[in-house]
Amino acid sequence: MTLRLYDTATRSVRDFVPREAGKVGVYLCGLTLQAPPHIGHLRSGVNYDVLRRWLLSAGYEVTFIRNVTDIDDKILVKAGEQGRPFWSIAYANELILAESYRALNVLAPTYEPRATGHIPEMHELIMKLIADGHAYPATDGSGDVYFDVASWPTYGSLSGQSPDAMQSAGDAPDRGKRDPRDFALWKGAKPDEPADAYWPSPWGLGRPGWHIECSAMCWRYLGPEFDIHGGGLDLTFPHHENEIAQSKAAGLPFARYWVHHGLLSIGGAKMGKSAGNALGLAYVESLGVRPVELRYYYAAAHYRSVIDYSEDSLREAATAYRRIEGFVQRAAERVGAGQPGGLPAGFVAAMDDDLNTSAALAVLQQHLRDGNTALSVGDDVTVRTTLADVRAMLDILGIDPFDPAWTGGGSSNDLRAVVDSLIALALEQRAQARGRKDWAAADAVRDQLKLAGVAVEDTPQGPRWTIGEQG
């Protein structure tokens, strides 16, 4: 079965056929860095990481570009409020974003360009649009340059909106525009904005508009035409609509498929700083939910669905993942961890069907039931093959418990060795107490471990422990 993806531009699920056989170019609209990321932002990174892993598993060479927007109206507002340089705010939030993605086992992009690093490419696109009659400098002395929406007959086709029903673009005063719907490609320097937020241009000192940034970076790293452009559903209009118009008007064929993920809401409202309901990764961890469990929470829902966040649903996902993790650990203790095996046909079919991770996880759950049955009857052959299949499926989703991202590295390995030694000592003390039939002392050791978040299970092979919720 061929991978099929829902294409927003055609409003249909289409067979995925790359522009060049064996190679795929993907551009994901990254975060605007006015504030640290919340878990709604992080869903985007995980969703497209699963897509990337699936393409890689199919043998494609994937060039994956995920930008960051480090110059924008919102960042400049924060700079004014905080009395800090705009670039200081952007860079601090970029570091937090990168660390959050690492914590969630999101593969590093092939390149992660910053908008401020691509001003020359933006100038080149804008000059071409002006020369071809699709853009114009404002005549009010502002130094602004606008895209002429009326010059592009198919404007609105991605979002399905009629230009006649559109309101003002709202990104600059209407006084310098031919039409209120026209959007800014370049914004002239303003006296009430930071003095270091400007670059020289043919139209005077200024900075780029939001939309031209992504068109320039797509062009720079993926060429005139590429395969997949991704982003949140909320970017469809105006951002992606404007990207298409300005890119194609400049003669670039641009993206072949438009893939949008659903948003993460809370209480039915979009999560965001302005709404006062933004929750970060640190908050999730404060609930006793690990990053791997948050990643499972994202993967359990289809990427195009809306996730309405609640602590209960997050904890349910964490519990479900711990059951998967428990089987992997018990099976590995029995037959060895081995290596990920082949992917079951049902899992492959589900993933090829527009990345249907919900159906894919149903296949995984059936394998877990078979594996647990095999463990209970001592069928080591079935345990070994099932473990390999389960690990292969978990690897695609980025949640294999034996992935080095979750087992730790460097100082994390050192810490794990210390924890292992301390728990081994406690279990030895418990074993000695049981040996002399001092059940109260043995139970006290177990209860203290439980309070520390360590669950002890007695098995025919001896006691085994796992990290769980604190008592």
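Criteria and thresholds
Residues numbered from 1 in each chain as written. Predicted model: local features only at pLDDT ≥ 70, side-chain atom pairs only at ≥ 80, totals over all residues. Heavy atoms only, no water. Helix = DSSP H or I, 4+ residues; strand = E, 2+ residues; numbered from the N terminus. Buried < 20%, exposed > 50% of the residue type's maximum accessible area, 1.4 Å probe, protein only. Contact = heavy atoms within 4.5 Å. Areas by Shrake-Rupley, 256 points an atom, 1.4 Å probe, with all protein chains shown as cover. Lys, Arg positive; Asp, Glu negative; His and termini not counted. Charge placed at Lys NZ, Arg CZ, Asp CG, Glu CD. Phe/Tyr/Trp six-rings, centres within 6.5 Å; stacked < 30°, edge-to-face > 60°. UniProt positions renumbered as here; feature names shortened; annotations may be inferred. Pairing = 2+ DSSP bridges. Axes fitted to C-alpha atoms, helices over the stretch in contact; angles between N-to-C directions. Expected span 1.5 Å × (residues − 1). Arc of directions from axis to C-beta. Parallel < 35°, antiparallel > 145°, perpendicular 65-115°, else oblique. Nonpolar A, V, L, I, M, F, W, Y, C, P; charged D, E, K, R; others polar. pLDDT = per-residue confidence, 0-100.

**Let's talk about the overall build of the protein**
No. 1: On a plain count of helices and strands, the protein comes out with 15 helices and 15 strands.
No. 2: C-alpha atoms of the protein, sized along the principal axes, occupy 90 × 50 × 35 Å.
No. 3: Within the protein, the fraction of its 471 residues that count as buried is 49%.
No. 4: Long-range pairs, those at least 24 residues apart, make up 73% of the contacts in the protein between residues at least 6 apart in sequence.
No. 5: When the accessible area of the protein is evaluated, it comes to approximately 20,600 Å², of which 53% is carbon and sulfur surface.
No. 6: Here the protein contributes 46 positively and 59 negatively charged side chains, and the mean placements of these two sets differ by 3 Å.

**Description of the packing of aromatic side chains**
No. 1: All told, the structure shown has 14 aromatic pairs when counted by the stated rule.
No. 2: Centre to centre, the rings of Tyr-136 and Tyr-146 are 5.9 Å apart; their planes meet at 45°, and the pair counts as tilted. Linking Tyr-136 in strand E5 (residues 135-137) with Tyr-146 in strand E6 (residues 145-147), this pair joins segments that are ten residues apart in sequence.
No. 3: Ring geometry for Tyr-297 against Tyr-309: centres 6.5 Å apart, planes inclined by 90°, an arrangement best described as edge-to-face.

**Some points on the UniProt feature "domain: Cysteinyl-tRNA synthetase class Ia DALR" (unreviewed entry) in the protein**
No. 1: The positions that UniProt labels "domain: Cysteinyl-tRNA synthetase class Ia DALR" (unreviewed entry) are, in the present scheme, residues 346-408.
No. 2: In residues 346-408, helix accounts for 79% and strand for 0%; the two terminal C-alpha atoms are 31 Å from one another.

**Comments concerning the sheet that holds strand E3 (residues 23-28)**
No. 1: Taken in spatial order, the four strands make up an open sheet running E4-E3-E9-E10, and their pairing is parallel. The open sheet has two edge strands with one neighbour each: strand E4 (61-66) and strand E10 (254-261). Strand-to-strand twist of the sheet, defined as the mean angle between neighbouring strand axes without regard to direction, takes the value 25°.
No. 2: Of the strands in this sheet, E3, E4, strand E9 (225-232) and E10 touch helix H1 (residues 39-57), which is tilted by about 125° from E10.
No. 3: Contacting E3, E4, E9 and E10, helix H5 (residues 210-222) crosses the sheet at an angle of about 160° to E3.

**Here we look at the sheet that holds E6**
Two strands in a sheet stick together by hydrogen bonds in their backbones, pointing the same way (parallel) or opposite ways (antiparallel).
No. 1: Taken in spatial order, the four strands line up as E5-E6-E7-E8 in an open sheet, and their pairing is antiparallel. At either margin of the open sheet sits one strand with a lone partner, and together these are E5 and strand E8 (206-208). Going across the sheet, the axis of each strand differs from the next one's by a mean of 20°, ignoring polarity.
No. 2: In this sheet, E6 lies alongside E5 in antiparallel orientation, the contact comprising three bridges. Bridge pairing links Pro-137 to Val-145 in E6.
No. 3: In this fold helix H4 (residues 119-131) packs onto E5, E6, strand E7 (183-188) and E8, with an angle of close to 120° to the strand it touches most, E7.

**Some words on the side chain of His-240**
No. 1: Examined against the element boundaries, His-240 turns out to sit in helix H6 (residues 236-249).
No. 2: Residue classification places His-240 among the buried positions, given a relative accessible area of 0%.
No. 3: Excluding its chain neighbours within four sequence positions, the residues that come into contact with His-240 are Cys-29, Leu-158, His-229, Gly-230, Gly-231, Leu-235, Trp-258 and His-260.

**Observations regarding the UniProt feature "binding site: Zn(2+)" (unreviewed entry) in the protein**
No. 1: Following the UniProt record, one finds the feature "binding site: Zn(2+)" (unreviewed entry) at Cys-29, Cys-214, His-239 and Glu-243. The greatest C-alpha distance among the annotated residues, which extend across 215 residues, is 11.1 Å, indicating that they converge on a single site.
No. 2: Tracing the backbone through its elements, the reader meets Cys-29 in the loop between E3 and H1.
No. 3: If you trace the backbone, His-239 turns up in helix H6.

**Some thoughts on helix H11 (residues 357-377)**
No. 1: With 21 residues, H11 should cover 30 Å at 1.5 Å per step; its first-to-last C-alpha distance of 30 Å lies within 8% of that length.
No. 2: Listing the buried residues of H11 in full gives Thr-357, Ala-360, Leu-361, Val-363, Leu-364, His-367, Leu-368, Gly-371, Ala-374 and Leu-375. Angularly, the buried residues of H11 cover 150° about the axis, an arc narrow enough to put them on a single face. Opposite the buried face of H11, by more than 90 degrees, sit the exposed residues Ser-376 and Val-377.
No. 3: Here the buried face of H11 lies against H1, helix H8 (291-299), helix H9 (311-335), helix H10 (345-352) and helix H12 (380-397).
No. 4: Phi turns positive one or two residues past the end of H11, at Gly-378, with a value near 75°.

**Details of the packing of H1 against H8**
No. 1: Axis separation between H1 and H8 bottoms out at 10 Å; the angle between their running directions is 75°. Between H1 and H8, the interaxial angle falls into the category roughly perpendicular. Counted together, Ile-39, Leu-42, Arg-43, Val-46, Asn-47, Asp-49, Val-50 and Arg-53 of H1 and Leu-294, Arg-295 and Tyr-298 of H8 form the full contact between these two elements.
No. 2: When the residues that make up the contact of H1 with H8 are grouped by side-chain class, the tally is six nonpolar, one polar and four charged.

**Some remarks on helix H3 (residues 86-103)**
No. 1: With 18 residues, H3 extends 26 Å between its outermost C-alpha atoms, agreeing within 8% with the 26 Å of an ideal straight helix rising 1.5 Å per residue.
No. 2: Three or more residues of H3 are buried, namely Phe-86, Ile-89, Ala-90, Asn-93, Glu-94, Leu-97, Ser-100 and Tyr-101. Along H3, the residues classed as buried sweep out an arc of 130° about the axis, all on the same side.
No. 3: Close packing links the buried residues of H3 with H1, E4, helix H2 (73-82) and helix H7 (281-286).
No. 4: Of the residues trailing H3, Asn-105 is marked for its positive phi of about 60°.

**Digging into the side chain of Ser-100**
No. 1: Position of Ser-100 among the secondary structure elements: in helix H3.
No. 2: Look past the residues within four positions of Ser-100 in its chain and what remains in contact with it is Pro-37, Leu-42 and Leu-281.

**Points about the packing of H8 against H9**
No. 1: Close contact between H8 and H9 brings their axes to 8 Å; oriented N to C, the two are set at 105°. Taken together, the axes of H8 and H9 are roughly perpendicular relative to one another. Taking contact as the criterion, the partners of Val-292, Glu-293, Leu-294, Tyr-296 and Tyr-297 in H8 are, on H9, Ser-313, Leu-314, Ala-317, Ala-318, Ala-320, Tyr-321, Arg-322 and Ile-324.
No. 2: Of the residues contributing to the contact of H8 with H9, the split by class is ten nonpolar, one polar and two charged.

**Some words on the confidence of the model for the protein**
No. 1: Per-residue confidence for the protein gives a mean pLDDT of 91, with 95% of residues at or over 70.
No. 2: A low-confidence stretch, residues 410-415 (pLDDT under 50), is modelled with two contacts involving residues beyond four sequence positions or located in other chains.

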